[in-house]
Amino acid sequence: MSASPPVIQKIQKLLRLASCEAANENEAAAAAQKAQGLLLAHNLTLEAVWAENSKFFGENPIGEYCLERGHRRKVKWKAILLAAIAKANGCYEFSRGPMLYVVGPETSVEVCALTYEYLASIIVRVAKAEPPDRSWRNAFRLGAARRLGERLVQQRYQWEQDGLETVHQPALVVRSHYNQLEQAVADFLQYVYGEREFSLDRSPQYSNVSGYVAGRSAAETVNLNIEAGSETSMLERTVASANS
């Protein structure tokens, strides 16, 4: 393959934008056209472009996926929620303008996407049922997103300490899974972005304390398992599948 890594990375980003459901039609079409032009200019195939990712996490290679497009600017509570969901799954979330991305293996990112859609829809629905005060609702959404994120990350750490009895995975295997996955994600980010620093901490700022507290309180009662009738969550089955 004659193309340099930066060219490969640019084509991959364009292809992901072209297939991103959160991108509008014009952005997706423009990205697809640019990607096609680079493929032709460098005599590359799609197989060759994506083969570069196989060095990260073997048969389930790491990728960068757009999960939320936003509008004119990033929505803070959504970024907070998605960042925690990504961490709970051993992935990594970052923003580019109003768009939110998750870096990780496709199977793990799918879990992130479904969990994000599920929890975000609950936050929106419950917030709408509350008093029609904008600052109160904004604070409520921030509080709910922060507390749901804390619960998800705490759940992951609990699994790393106790293992996953429901899918017969001991703690050592669970910790090894997350360690390998996070190292592969870190290697991917280093490969794509070099020494660029990413901000990990998002401290929510809110003007309505009662709304924030109410959001945190409401988040305590939310079932973290999308499939409420199932004894195991998607995340548990993903960890088990990766180590079977």
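Sequence order sets the numbering: in each chain, residues are counted from 1 along the sequence as written. Restriction of local features to residues with pLDDT of at least 70 applies here, the model being predicted, together with a cutoff of 80 or more for giving and counting side-chain atom pairs; totals for whole chains, interfaces and linings are based on all residues. To obtain the side-chain values, all non-hydrogen atoms of the structure were included, while hydrogens and water were left out.

Novice: Sorry if this is basic, but what is going on with the sheet that holds strand β1 (residues 62-68) here?
Specialist: For sheets, the rule is that strands pair by backbone hydrogen bonds, running either parallel or antiparallel. A strand pair is defined by DSSP finding two or more bridges across the two strands. The numbering of helices and of strands both runs from the N terminus, where a helix is a DSSP run of H or I of at least 4 residues and a strand a run of E of at least 2. Pairing is antiparallel across the open sheet formed by three strands, whose spatial order is β1-β3-β2. Only two strands of the sheet have a single neighbouring strand rather than two, namely β1 and β2 (92-96). The mean angle between the axes of side-by-side strands here comes to 30°, regardless of whether they run parallel or antiparallel. Bridge count between β2 and strand β3 (residues 99-105): five bridges; the pairing is antiparallel. By the bridge assignment, S95 is partnered in β3 with L100. Against the sheet, helix α7 (residues 171-193) engages β1, β2 and β3, with an angle of about 85° to β1. To obtain an axis, a line is fitted to C-alpha atoms, over the contacting stretch when the element is a helix, and the angle between two such axes runs from 0 to 180 degrees between their N-to-C directions. The contact rule is simple, with two residues in contact once any of their heavy atoms fall within 4.5 Å.

Novice: Hey, could you run me through the packing of aromatic side chains in this one?
Specialist: Think of a pair of aromatic rings as described by two things: how far the centres are apart, and how the planes are tilted against each other in angle. Aromatic pairing here means that ring centres of Phe, Tyr or Trp (its six-membered ring) are within 6.5 Å. Orientation follows from the plane angle: under 30 degrees is stacked, over 60 is edge-to-face, and everything else is tilted. Taken as a whole and judged by the stated rule, the model has two aromatic pairs. Taking the centre distance of 5.4 Å and the plane angle of 10° together, the rings of F94 and Y101 count as stacked. You'll find F94 and Y101 in the same group, each marked buried. Centre to centre, the rings of W136 and F140 are 5.3 Å apart; their planes meet at 20°, and the pair counts as stacked. With W136 and F140 both in helix α6 (residues 134-162), this residue pair falls four residues apart, about one helical turn. Any residue under 20% of the maximum accessible area for its type is buried, any over 50% is exposed, and the rest in between are partly exposed; the area is computed with a 1.4 Å probe on protein chains only. Look at F140 and you get buried, because its relative accessible area is 2%. Note on geometry: a ring has a charge over it if NZ (lysine) or CZ (arginine) is within 6 Å of the ring centre and within 35 degrees of the ring normal. Geometry around Y178 places R156 over its ring, the cationic atom sitting 4.1 Å from the centre.

Novice: Can you help me understand a nonpolar patch on the surface in this one?
Specialist: Candidate patch residues must exceed 30% relative accessible area and have no salt bridge, after which like charges are joined if within 9 Å and Val, Leu, Ile, Met, Phe, Trp or Tyr side chains if within 5 Å. Here the accessible surface of atoms and residues is derived via Shrake-Rupley with a 1.4 Å probe, and residues count as covered only by protein chains that are part of the display. By definition, a salt bridge exists where a carboxyl oxygen of Asp or Glu is found within 4 Å of a side-chain nitrogen of Lys or Arg. Together, Y206, V209 and V213 make up an exposed nonpolar region whose accessible area comes to about 270 Å². By secondary structure assignment, the location of V209 is in helix α8 (residues 209-219). On the accessibility criterion, V209 (55% relative accessible area) is exposed.

Novice: Mind showing me how you'd approach helix α5 (residues 106-128) here?
Specialist: Think of an α-helix as 3.6 residues a turn; residues three or four steps apart then line up on the same face. Expected helix span is computed as 1.5 Å times (number of residues minus one). For α5, built from 23 residues, the straight-helix expectation of 33 Å at 1.5 Å per residue is met to within 8% by its first-to-last C-alpha distance of 33 Å. Buried within α5 are the following residues: S108, V109, V111, C112, T115, Y116, Y118, L119, A120, I122, I123 and A127.

Novice: Would you take a moment to explain the environment of E117 for this structure?
Specialist: Take E117: it is sitting in helix α5. The exposure class of E117 is exposed, given its relative accessible area of 55%.

Novice: What exactly am I supposed to notice about the pattern of salt bridges here?
Specialist: A side chain of one charge can pair with a side chain of the opposite charge when the charged atoms of the two come close. Using the criterion set out here, one finds six salt bridges in the structure. K78 is the salt-bridge partner of E68, the closest N and O atoms lying 3.6 Å from each other. With a gap of ten residues between them, E68 in strand β1 and K78 in helix α4 (residues 76-88) connect regions that are remote in the sequence. Residue classification places E68 among the buried residues on the basis of a relative accessible area of 17%. Its salt-bridge partner being R147, residue E150 comes within 3.0 Å of it at the nearest N-O pair. Residue E150 and its partner R147 are both found in helix α6; the two are separated by three residues, about one turn of the helix. We classify E150 as partly exposed; its relative accessible area is 26%. The class of R147 is buried, set by a relative accessible area of 12%. Salt bridges here are not isolated pairs; linked through shared partners, they connect R147, E150, R216 and E220.

Novice: Please explain the nonpolar core as it appears in this structure.
Specialist: Taken as a class, soluble globular proteins show a tendency for nonpolar side chains to be buried jointly. To define a nonpolar core, start from buried Ala, Val, Leu, Ile, Met, Phe, Trp, Tyr and Cys residues and group those joined through side-chain atoms within 4.5 Å. If you look at the biggest cluster of nonpolar residues, it comprises 29 residues, and the most contacted ones within it are L81, L119 and L148. Taken together, the elements giving at least two residues each to this core come down to α4, β3, α5, α6 and α8. Apart from the residues within four sequence positions on either side, L81 is in contact with Y116, L119, A120, I123, A145 and L148.

Novice: Which parts of the structure should I look at to understand α6?
Specialist: Helix length check: α6, at 29 residues, gives a terminal C-alpha distance of 42 Å against a target of 42 Å (1.5 Å per residue), a fit within 8%. Of the residues trailing α6, G163 is marked for its positive phi of about 85°.

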